[in-house]
Amino acid sequence: MAEVILENVNKTYPGGVRAVVDFSLSIPDGELMVFVGPSGCGKSTTLRMVAGLEEITAGTIKIGGRVVNDVPPKDRDIAMVFQNYALYPHMTVRENMAFGLKLRKFPKKEIETRIQEAARILGLSDLLERQPKALSGGQRQRVAVGRAIVRKPAVFLFDEPLSNLDAKLRVQMRLEISRLHTQLGTTMIYVTHDQVEAMTLGNRIVVMKDGIARQIAEPIILYDHPADRFVAGFIGTPPMNFFEGRILQINGVLTFSSDEGFNLPVPLEQQAALSAYKDRKVVAGIRPEDIGSHAAEMGADYPRIRARVEVIEPMGSESYIHYRVGGVLFVSRVDAHKRLKIGEDQEPGVLLSKMHFFDPQTDVVIRTA
C-alpha cells in the first residue's frame, strides 16, 4: 500500500494540445479516489501517467514516497484494470490470473494460493477452468479485477472498468469494488465519466474539465457546496437548474430578479456576499429536489415560480416534472403521487436556503463567507 502524490503534473501533446494542466493531488494510503468528468477532460490521461503508460511533460509523480517519473510501469508496484477486460481468450480464468505472476517467476505454490484467495474474494472459485468466452460480462470484469488482486500491488488503477456492462451489472460491480476496497484497504484510483458511479464509490472525487481539476472533495461537499457552475451542473441527477438574472433592491429587499420575470428574495445568509452584486448580473442555481417538492410543507408564504408543465417523467417513487418559464426549461423532482397534468400552469415553491449563486464572468460560486 502507498500514498500517491502528483505535483504540478502537465501533459502537452504535439501541436500544443494541453491534456492535463498543473494537476496536483495527494492520495493518502488506503483511499479510494475517483476522477470524474466528461470525455476528453484528461482523467484517463492522468491515470495513465500514474501508471507510466503516458510520459509526463512536466511535474512529479510519487508512489510510496518514490519519484516514478522515469520508472517503467512494471516497476511501479501498480496494477491496472481496463475498460475492455484485456483477457487472453485462449486461456482459462486460472491461467489469465496466473499469467503476470508467472512472468515474474513466482513459485507455483504461491501463485495458486493467490489465485484461490482472489477467486474466493470475487466469487470466481467455480469458474477457474472456464475460458472468457464462457463467461458473462460481469464475470469477465471480475476476472480482470482478480488478475490485478493476485499481484498484491501498492496501488490499484481502474480505467472506466464498468463502461461495457449493462445498468444492473454496473450497480452490482460498483458494490463489488466498494466491498473489495473495504476488505483490502489498498490505495485505489478509479476513473469514470459516470457521476453516479463517482458519488457512490469515492472517498473523495476529483471533478475535471479541460485538463483542470475543478474541485477535489468528498461527495457530499461536491453536492452541497460546488466550487463553480460546471461542478454544480455535472454532479447531481437530474442536474442543477440555472437561471440568469440580476441582484436588485425591490421594496427594500435584496432580490434575485430573473430574466424570465420571476423574483426570489436573497436568502439571509447570502445577503452580505450578494450585496456586492447589486444591479449586476448573476446566475442562480437550484437543484431539482429544492424546487416544487417542499412547497406543501412550507406554506403559502413560500416563494414560488409560476411555470407551465411541459413533460412528466415517472421514475417509480418519484417523478421529474419539466417546467417552462419564459424561454427556460427547468426540472423539479417530486413525490410520484403528486398529480400534475401536461400543459397546466403550476407554482412550484423554491427552498431559498438551498439556492446557489454564480458569477457569470468566472462561473465561480459566490461564497457566503
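What comes next concerns the included structure. (Residues numbered from 1 in each chain as written. Predicted model: local features only at pLDDT ≥ 70, side-chain atom pairs only at ≥ 80, totals over all residues. Heavy atoms only, no water.)

**What to know about the pairing of strand β15 (residues 307-314)**
Across two bridges, β15 lies against strand β18 (residues 345-346) in antiparallel orientation. Across the sheet, the residue bridging to alanine 307 is glutamine 346, located in β18. Note: β15 against strand β16 (residues 318-325), six bridges, orientation antiparallel. If you follow glutamate 313 over to β16, its bridge partner there is tyrosine 320. Between β15 and β16, which pair antiparallel and follow one another directly, the connecting turn spans three residues, one of which, glycine 316, has a positive phi of 100 degrees. (Pairing = 2+ DSSP bridges. Helix = DSSP H or I, 4+ residues; strand = E, 2+ residues; numbered from the N terminus.)

**Looking at the side chain of histidine 181**
Note on placement: histidine 181 falls in helix α5 (residues 167-184). Owing to a relative accessible area of 10%, histidine 181 belongs among the buried residues under this scheme. Setting aside residues up to four positions removed in sequence, histidine 181 forms contacts with Gly30, Glu31, Leu32, Thr186, Met188 and Asn203. (Buried < 20%, exposed > 50% of the residue type's maximum accessible area, 1.4 Å probe, protein only. Contact = heavy atoms within 4.5 Å.)

**Here we look at the sheet that holds strand β10 (residues 212-217)**
Overall, mixed pairing links the six strands, which are arranged β6-β7-β8-β3-β9-β10 in an open sheet. Looking at the sheet topology across the chains shown, the edges are occupied by β6 (78-81) and β10. Strand-to-strand, the axes of this sheet are offset by a mean angle of 15 degrees, without reference to chain direction. Note: strand β3 (residues 32-36) against strand β9 (residues 204-209), four bridges, orientation parallel. Across the sheet, residue valine 34 finds its bridge partner in β9, namely isoleucine 205. Strands in contact with α5 are β3, β7 (155-159) and β8 (187-192); relative to β8, the strand with the most contacts, it is inclined by about 165 degrees. (Axes fitted to C-alpha atoms, helices over the stretch in contact; angles between N-to-C directions.)

**A word on the sheet that holds β15**
With antiparallel pairing, the four strands of this open sheet are ordered in space as β17-β16-β15-β18. Looking at which strands have only one partner, the edges of the open sheet turn out to be β17 (328-335) and β18.

**Focus: the environment of glutamate 269**
Summarising the element assignment, glutamate 269 is placed in the loop between β13 (263-265) and α9 (271-274). Among residues more than four places away in sequence, those in contact with glutamate 269 are Ser353 and Thr368.

**Let's talk about the layout of surface pockets**
Considering only enclosed or pocket space, the largest pocket measures out at about 490 Å³ in volume. What lines the largest pocket is a set of 21 residues, and nearest its centre among them are Met80, Phe82, Arg104, Arg147 and Arg151. Counting only elements with at least two residues in the lining of the largest pocket, the list comes to β6, α2 (93-103) and α4 (137-149). Here the lining of the largest pocket gets five residues from one element, more than from any other, and that element is α2. Taken as a whole, the second largest pocket encloses approximately 370 Å³ of empty space. Considering the residues around the second largest pocket, the lining is formed by 18 residues, among which Asp224, His225, Ser353, Met355 and His356 are closest to the centre. Classifying every residue of the lining of the second largest pocket gives six nonpolar, five polar and seven charged. (1 Å grid on protein atoms, 1.4 Å probe; cavity = no way out; pocket = protein on both sides within 12 Å on 5 of 7 lines; lining within 4 Å. Points joined across faces, edges and corners; volume = space filled by probe spheres on them. Nonpolar A, V, L, I, M, F, W, Y, C, P; charged D, E, K, R; others polar.)

On their own, these measurements won't tell you what the molecule is for.
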